[in-house]
Amino acid sequence: MKQKNKYRELVELKGLLREKKINYETLSKKLKMSLSSLSNKINGKSIFNIVEIANIVKIVGIQKEDIPAYFF
């Protein structure tokens, strides 16, 4: 049985990662996070904490005013 997402899938973040040619494996290594944890968080099965969001913002180059569009 497929697990229902508890949180919103971060479709906008997925698109931005594709646009910037950053794959999940690269991002997970930079975040010091397992690939499965990153995937679960992006796909809405769990959520990013504020430190993880801040690190993604720096790595991907998201402008401060655009953070809500990607994470909330």
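As the structure is a computational prediction, the values presented were derived from the model and not from experiment.

Scoring rules and cut-offs
- Residues numbered from 1 in each chain as written.
- Predicted model: local features only at pLDDT ≥ 70, side-chain atom pairs only at ≥ 80, totals over all residues.
- Heavy atoms only, no water.
- Axes fitted to C-alpha atoms, helices over the stretch in contact; angles between N-to-C directions.
- Helix = DSSP H or I, 4+ residues; strand = E, 2+ residues; numbered from the N terminus.
- Parallel < 35°, antiparallel > 145°, perpendicular 65-115°, else oblique.
- Left-handed = near helix turned anticlockwise from the far one by under 90°.
- Contact = heavy atoms within 4.5 Å.
- Nonpolar A, V, L, I, M, F, W, Y, C, P; charged D, E, K, R; others polar.

Peer 1: Can you walk me through the packing of helix H2 (residues 24-31) against helix H4 (residues 50-60) in this structure?
Peer 2: Any two packed helices are characterised by the angle at which their axes cross and by the distance between the axes. Put simply, H2 and H4 touch, their axes get as near as 10 Å, and they point 120° apart. Viewed along their axes, H2 and H4 adopt a mutual orientation that is oblique. Remark: the crossing between H2 and H4 carries right-handed chirality. Counted together, Leu27, Lys30 and Leu31 of H2 and Glu52, Asn55, Ile56 and Ile59 of H4 form the full contact between these two elements. Among the residues making up the contact of H2 with H4, the classes are represented as four nonpolar, one polar and two charged.

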